[in-house]
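Descriptive analysis of the structure
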Amino acid sequence: MNIFVCIKQVPATNKVQVDEKTGVLKRSGVAGKMNPYDLYALETALRLREKHGGTVTVGTMGPPQAQAIIREAYMMGADEGYVFSDRRLGGADVLATGYTLSQAIRSVGDFDLILCGKQTTDGDTAQVGPAIAEYLGIPHAAWVSRLEVRGDGVDAEQQLQDVVETVHMPFPCLVTVEQDIYMPRLPSLKKAREIGDKPVHVQGLESFLDQDESHYGLTGSATQVERIFPPQDDTEHEVWEDGNSAEKLKAVLKRWKFI
Ligand SMILES: Cc1cc2nc3c(=O)[nH]c(=O)nc-3n(C[C@H](O)[C@H](O)[C@H](O)COP(=O)(O)OP(=O)(O)OC[C@H]3O[C@@H](n4cnc5c(N)ncnc54)[C@H](O)[C@@H]3O)c2cc1C
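First, a word on what this report is: a plain description of the structure on this page. (Residues numbered from 1 in each chain as written. Predicted model: local features only at pLDDT ≥ 70, side-chain atom pairs only at ≥ 80, totals over all residues. Heavy atoms only, no water.)

Quick look at the overall build of the chain now. Helix and strand counts for the chain stand at six helices and 11 strands. Based on the C-alpha atoms only, the size of the chain along its principal axes is roughly 65 × 45 × 40 Å. Here the chain holds 259 residues, and 39% of them are scored as buried. Summarising the internal contacts of the chain: among those between residues at least 6 apart in sequence, 70% fall at separations of at least 24. For the chain, the accessible area works out to roughly 14900 Å², and carbon and sulfur atoms hold 51% of it. (Helix = DSSP H or I, 4+ residues; strand = E, 2+ residues; numbered from the N terminus. Buried < 20%, exposed > 50% of the residue type's maximum accessible area, 1.4 Å probe, protein only. Contact = heavy atoms within 4.5 Å. Areas by Shrake-Rupley, 256 points an atom, 1.4 Å probe, with all protein chains shown as cover.)

What follows is the structure, encoded as C-alpha cells:
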C-alpha cells in the first residue's frame, strides 16, 4: 500500500506578523515546526506500512525552509519527502491550497491512501484535506479516530458531533485524522544516522500537469483578506486585590442576575 501524507510547517510561536498588503502570514525567518495534527497522520501511515507493507511519502507546500519538517518525517520513518515550493504558489487560500496539493500529489505518483491532519494550528480551517479529495475525484472521510484496512479499502471511524460513524471507502481515498488515533513516535537519533543527508525533493509548478499560473497562489484564490487588525479591547474590567474578592464577585453576579 502506497501512502502520501500531507504535512505543513506552522509557526512555532504565536508572535507572527501579517503582511498588511496581502493579508497573508510573513513566514520568512519565523521558527517553524510540523503541524501537530500532521504528526498523527504520519504515525498512522507508518503503522499501516508496518502492518501491510508499502511506502510512506510525505509532502508539503511551503517555502524552502519547510525542508526541516521533511527531515523530521524522515527521522520518524518516512521513505520519501517533497517540498512543493514556488513563488507562484504563495498566498494561496484554502481553494488554491487544495488544488495545488492535488496537482502536487499527482505529479509524484499514484497513491492508495492520502492522509492529512484534521486541521492546522495557523490557518485552522480543516478544509484542505476534503478539498484535495474533491480535486482528485476520490472519496474522503474527515475527523477519523480509527482506521483499518479491509479488502480493497479502509474502514474509517469518524468522530462526528453527536455520533460516531464508520464508513468503508475503496482505494484510492483520503482521510483526515484526529489526535486520538495514535500517539506519534519521536524522531529517532538512530534513524537520523541512517538517513544521513538523504535528499529532500524540491519541485515547483513546472512539475505539475496544469501549468496555468492563474490557478495557483494569490491569483488562483477565490478569497482575499481585505484587512487584518487586532480586536478592539473594550471589555470593562476591575482588579480586586484587597482580600474581599469573593463577596465582590457575589455582588457582581447578583447584579447581572446570574444568581
Ligand atoms: C492571516 C491569515 C489569513 C487567511 N485568510 C484566508 C482567506 O481569506 N481565505 C481562505 O480561504 N483562507 C485563508 N487563510 C487560510 C490559509 O490560506 C490557509 O493557511 C491555507 O489555505 C491552508 O489551510 P489551513 O492551514 O487552514 O489547513 P487545514 O485545512 O486546517 O489543514 C488540514 C490538513 O491539510 C494539510 N495541509 C494544509 N496545508 C498544507 C500545506 N501547505 N502543505 C501540506 N499539507 C497541508 C495538512 O495535513 C493539514 O493537517 C488565512 C490564513 C491566515 C494565517
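On to the sheet that holds strand β4 (residues 55-61), then. The nine strands lie next to each other as β9-β8-β7-β10-β6-β1-β4-β5-β11, forming an open sheet whose pairing is mixed. A strand with exactly one partner marks an edge of an open sheet, and here the two such strands are β9 (164-170) and β11 (201-203). Averaged over all adjacent pairs, the angle separating strand axes in this sheet is 30°, with direction ignored. Bridge analysis of strand β1 (residues 2-6) against β4 gives five bridges, and the strand direction is parallel. Of the residues in β4, the one forming a bridge with N2 is T55. Seen against the sheet, helix α2 (residues 67-76) touches β4, β5 (80-84) and β11 and runs at an angle of roughly 165° to β5. Strands in contact with helix α3 (residues 94-108) are β1, β4, β5, β6 (113-117) and β11; relative to β5, the strand with the most contacts, it is inclined by about 135°. (Pairing = 2+ DSSP bridges. Axes fitted to C-alpha atoms, helices over the stretch in contact; angles between N-to-C directions.)

Below, the discussion takes up the nonpolar core. Among the nonpolar cores identified, the biggest contains 37 residues, and V5, L42, L115 and L147 are the most heavily contacted of them. Breaking this core down by element, the ones donating at least two residues are β1, α1 (36-52), β4, α2, β6, β7 (140-150), β8 (153-159) and β10 (173-177). In terms of residue count, the dominant contributor to this core is α1 (eight residues). The residues touching L42, leaving out its near neighbours within four places in the chain, are V5, M34, V56, V58, A73, M76 and A78. (Core = buried A, V, L, I, M, F, W, Y, C linked by side-chain atoms within 4.5 Å.)

By secondary structure assignment, the location of R49 is in helix α1. We classify R49 as buried; its relative accessible area is 19%. A distance of 3.0 Å separates polar atoms of two side chains, one belonging to R49 and the other to D79. Beyond its immediate chain neighbours, meaning those up to four positions away, R49 contacts G54, T55, V56, G77, A78 and D79. (Polar contact = N/O pair within 3.5 Å; in protein donor to acceptor, adjacent residues only side chain to side chain.)

So, about the environment of Y82. If you trace the backbone, Y82 turns up in strand β5. Once residues lying within four places of it in the same chain are set aside, the contact partners of Y82 are T57, V58, G59, T60, I70, V108, H201 and Q203.

Turning next to α1. Taking 1.5 Å of rise per residue, the 17 residues of α1 would be expected to cover 24 Å, and the 25 Å separating its terminal C-alpha atoms lies within 8% of that figure. Most of α1 is tucked away, with 12 of its 17 residues classed as buried. Where α1 is concerned, the buried positions are Y37, D38, L39, Y40, A41, L42, E43, T44, A45, L46, L48 and R49. Just downstream of α1, G53 is the residue with a positive phi angle, here 80°. (Expected span 1.5 Å × (residues − 1).)

Quick look at the environment of T44 now. You can see T44 is positioned in helix α1. Since its relative accessible area comes to 1%, T44 is described here as buried. Each C-alpha atom of the pair T44 and I70 lies 16 Å from the other, and the pair is 26 residues apart in sequence. Apart from the residues lying within four places of it in its own chain, the contact partners of T44 are L115, L147, V177, I181 and Y182.

What is shown is where atoms sit, not what they do.
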